[in-house]
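Spelled out, the chains give:
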Amino acid sequence: MKRPEGRQYGWHGGKMKERDQRIDELLELLWMMGEEGLNDLKEFLKRAEDKEAEALMAEMIEEGLITTDKDKIRFKNKGEKKAEQIIRRHRLAERLFSDLFAFEAKQAHADACTFEHILSPEVTDSVCAFLGHPPICPDGKPIPRGECCKKFQVEIKPLVQPLTNLRPGKEGRIVFITPKHHARLDKLSSLGIVPGSIVRVHQKKPSFVLEIDETELALDEDIAKEIYVKEV
Amino acid sequence: MECRSHKKTSLPKEMQKIALIGNPNVGKSVIFGILTGKYVTVSNYPGTTVEVTYGNLNLDKNRFLIIDTPGTNTLIPMSEDEKVTRDILLNEKIASTVQIADAKNLRRALFITLQIIEMGLPFLLILNMDDEARSRGIIIDDKKLSEILAVPIIPTVATQRLGMPLLLQHIAAPSCSNFSFKYDEQLEDAIKEVALLLPDSNISKRSLAVMLLAGDESLKEWLHSKISDAVIKAIDSIYQKTQAKYHEQLSYLINQRRLRAADEILQSVFTPALQRARGIKESFGKWSMHPLWGILIMASVLLLVYEFVGVLGAQFLVRFLEESIFGRYLNPWAIKIADIIIPFPFLRELFVGDYGIITMALTYAIAIILPIIGTFFIAFGILEDSGYLPRLAVMANKTFKIMGLNGKAILPMILGLGCDTMATLTARILETRKEKIIVTLLLALGVPCSAQLGVVLGMLASLSFKAVILWAGIIMVIIFIVGYLAEKVIPGEKSDFLLELPPIRIPQLSNILIKTLARVEWYLKEAVPLFILGTVILFLSHKLGLLNAMERITTPLVVDFLGLPAKAAESFIVGFLRRDYGAAGLFAMAKKGELDNIQILVSLVTITLFVPCIANLFMIIKERGFKTAMAIVAFIFPFAFLAGGALNFILRAINIKL
């Protein structure tokens, strides 16, 4: 993929970066209003947390990102694409934090706000593929599809997924385990459940049962969810 | 690597000790039984052995003390029973460590092997269940494994005694392995640093250092008795410092490294099964955990057990023994003989009167209870050895979660149907204090032991099947509600559900028989003296007029509240000694037609919930402490009567036909 204007992804120090980020935020806001079916200029300014929103808007119009028409505000093509990418990065980051690291929604959101400005397209697509091209973010809003998702629509299998996603009878090689308590890791590892081991889903209901080597092991679904595997 | 052989260091007269260790459910107790000729309960589920058992082995004029230990997956303990095993290696001078492995799960066994090697203990490795591994197509190159580890490797099929001569040949001559592997550099440095600070012990300093760096809390107490607080602090700071260098927990890194070392060994000696076994046994195992079929299988199993114990044992056999053998022959003979040889009426009555040792205690113990527990232990043994019981945990996990427990707790609960005292001990397999207290409480409150269960079933079955279902339903609902409330009230943590499921096996007739006989023998030894004691107490109370007084005092409770005849008070009194004795008293009353159907159900629910028997009470005190034990009794005692009374009013109010 061709890298568009380097500016929006890199660190350009002090002022410049800050200004870019603030524009990003406004683009993000406009996108989210769009999801609610709103494009009211007054509403936009009311929701914008930035005190200099109007000055920034002028710059955005100049850059050809947005356009205003009386009391309405709309994306221009370039701005919409940019906003879509920001939203995509934000929501993918949220998914990453909440699914993988089990952060609280609030924390995941806060950190995603930082990540949305700094992820490169390559990393974004990797995260997307890693998470299995998720269609929605943790609070249920759609994640804009990237190039990578379109490619993978044929073979939508995510690379790494929780063991609980595997169908009974399928095997997976453990990639990593993200336990809530450390004691869990000790217990699992003393049963041979560590990255690199191959486990097989025996059944999911009424309780999760997996097989490792010649051992059948019943365990809480919560624990199985924390075992991430690559299907083999 | 330093080898810690204690053969010559210990006193010459002292018996050399041999410890059997290994993963859960690999057959340690079977091998223990063969070596010592002493029977310990052998079953097909992990956690059968929760206490250490000692036995003697005579070999070439030498006597050895064999120690059977609870199974463990690692020597860095995570539960009480696992700590027991590690502590044996730590505290006892072991001449020879015999590690028993399930051949088909060699990887998990090697994980322990590597820890034994690290401890510097001389050992030998048994690859048990060789037949199961072979039938699954697993090939183990035991010669090569023996070369790599430089210790004797002995393939066995313990249940068929295959490989035992070879074991006897090597058991007194273990070797220290020269196999070694390193952790990464920073960790190795820390291990060396910690090892320098440690005292001498039966196991290597290196292994102790690794345990401490793995954050083994269970070692703290031992450490405090050996070295000063300042040194412990120094060790702690090395731990903190080292941990700070890694993102992951040291214990996890250590385990990963060990498994990698195990995998390296496996690569050259182990050919895994190509295809998983899918025979009829595996299919049964699978269906028994199915959300729908699992319930049907459970219902069928219960029905079969009911037919066998409740109908065959509690009705047919009891009728035969009580009415024919005792009623027609033994008791009349005993009375006749007593009339002739005992001149004093008082003594005569003590033996053959209404509260006579023969006519009451032995009749109850032998004629009513023995056939019931005999059939129950046979059915239970079959279930235990089939590997079915742990699969119930899979079915019950979600329900148990509501009671602050997890599926694993179903094992002690079901064992309680055998004997609540033993089951209270088995609560050790649970991890947290909260879980142990809840299970102990529920066992003492609502889980009837085999003897009591049999008597109850015998009485109810003579009413109707509906009565059986009603009784079981009421007890289960009460257990559930009390469990739910206990979860809310008792502070502490829950633990994760993580349970190994043994393979489904066809039970061996010989083991079932031996196990049943051992249990019947235990029952006779424990119960009969208490039955006699209870009878003597009743007899004396009767003679002194205390019984009438007691019946009068308890009339408001027994007669007015529970709606039972005053005589039922006797059953509750002896119920203090053994609940089954209490139940047997009710049984006798019911047979004489002194109880109507509602009275039978009310009295049975009350006696089921009634305080635990004396043996169980002592076990609760031993395991949970005096205060907890008293709290449990203080709750159960009024609760049992309250529940019985409430049931009485409800049944009378809706005027149910049983």
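Residues numbered from 1 in each chain as written. Chains lettered and ligands numbered in written order. Predicted model: local features only at pLDDT ≥ 70, side-chain atom pairs only at ≥ 80, totals over all residues. Heavy atoms only, no water.

**Focus: the sheet that holds strand 5 (residues 198–203) of chain A**
With antiparallel pairing, the seven strands of this open sheet are ordered in space as 3(A)-8(A)-4(A)-5(A)-6(A)-7(A)-9(B). On the outer flanks of this sheet lie strand 3 (161–162) of chain A together with strand 9 (498–501) of chain B, each paired with one strand and no other. Here strand 6 (residues 208–212) of chain A runs beside strand 7 (residues 215–219) of chain A; their pairing, made up of five bridges, is antiparallel. Note on strand 7 of chain A: the bridge partner recorded for L210 of chain A is L217 of chain A. (Pairing = 2+ DSSP bridges. Helix = DSSP H or I, 4+ residues; strand = E, 2+ residues; numbered from the N terminus.)

**Observations regarding a nonpolar patch on the surface**
Residue and element names in this part refer to chain B. The grouping of F344, F346, L347, F351, L540, L544 and L546 at the surface amounts to a nonpolar patch, some 660 Å² of accessible area in total. No other element matches helix 14 (residues 345–352), which puts three residues into the nonpolar patch. Structurally, L540 is set in helix 22 (residues 509–543). (Patch = residues over 30% accessible without salt bridge, like charges linked within 9 Å, V, L, I, M, F, W, Y side chains within 5 Å. Areas by Shrake-Rupley, 256 points an atom, 1.4 Å probe, with all protein chains shown as cover. Salt bridge = Lys/Arg side-chain N within 4 Å of Asp/Glu carboxyl O.)

**Some words on the packing of helix 15 (residues 357–386) of chain B against helix 22 of chain B**
All names here are of chain B. The interhelical angle for the contact between helix 15 and helix 22, taken along N-to-C directions, is 150 degrees, at an axis separation of 9 Å. Of the possible angle classes, the one that applies to helix 15 and helix 22 is roughly antiparallel. The crossing of helix 15 and helix 22 is right-handed. Of the residues belonging to the contact of helix 15 with helix 22, the class tally is 24 nonpolar, five polar and four charged. (Axes fitted to C-alpha atoms, helices over the stretch in contact; angles between N-to-C directions. Parallel < 35°, antiparallel > 145°, perpendicular 65-115°, else oblique. Left-handed = near helix turned anticlockwise from the far one by under 90°. Nonpolar A, V, L, I, M, F, W, Y, C, P; charged D, E, K, R; others polar.)

**Overview of helix 6 (residues 121–130) of chain A**
One turn of an α-helix holds 3.6 residues; hence residues three or four places apart share an orientation. Along helix 6 of chain A, the residues classified as buried are P121, T124, D125, V127, C128 and A129 of chain A. One or two residues past the end of helix 6 of chain A sits G132 of chain A, with phi positive at roughly 80 degrees. (Buried < 20%, exposed > 50% of the residue type's maximum accessible area, 1.4 Å probe, protein only.)

**Details of the domain arrangement of chain A**
Assigned domains of chain A: these are domain 1 (1–121) and domain 2 (161–231). Each of domain 1 of chain A and domain 2 of chain A has a C-alpha centre, and the two are 39 Å apart. (Domains from an automatic or database assignment.)

**Concerning the pairing of strand 1 (residues 16–22) of chain B**
Residue and element names in this part refer to chain B. Burial runs high along strand 1: six of the seven residues are buried. Across five bridges, strand 1 lies against strand 3 (residues 62–68) in parallel orientation. Following the sheet pairing, Q16 is matched in strand 3 by F64. Taken together, the six bridges between strand 1 and strand 4 (residues 94–102) define a ladder with parallel strand orientation. Looking at the pairing, A19 lines up with T97 of strand 4.

**Observations regarding the packing of aromatic side chains**
Geometrically, a pair of aromatic rings is defined through the distance of the ring centres and the angle of the planes. Residue and element names in this part refer to chain B. A full pass over the atoms with the stated rule returns 21 aromatic pairs over all chains. Ring centres of F572 and F641 lie 5.5 Å apart, and the angle between their planes is 65 degrees; this geometry places the pair in the edge-to-face category. Of this pair, F572 sits in helix 25 (residues 568–575) while F641 sits in helix 29 (residues 626–654), and the two are 69 residues apart along the sequence. Relative accessible area serves as the criterion here: at 7%, F641 is assigned to the buried category. An aromatic cluster is defined as three or more aromatic residues linked by ring pairs; in this entry it consists of F572, F576, F610, F637 and F641. (Phe/Tyr/Trp six-rings, centres within 6.5 Å; stacked < 30°, edge-to-face > 60°.)

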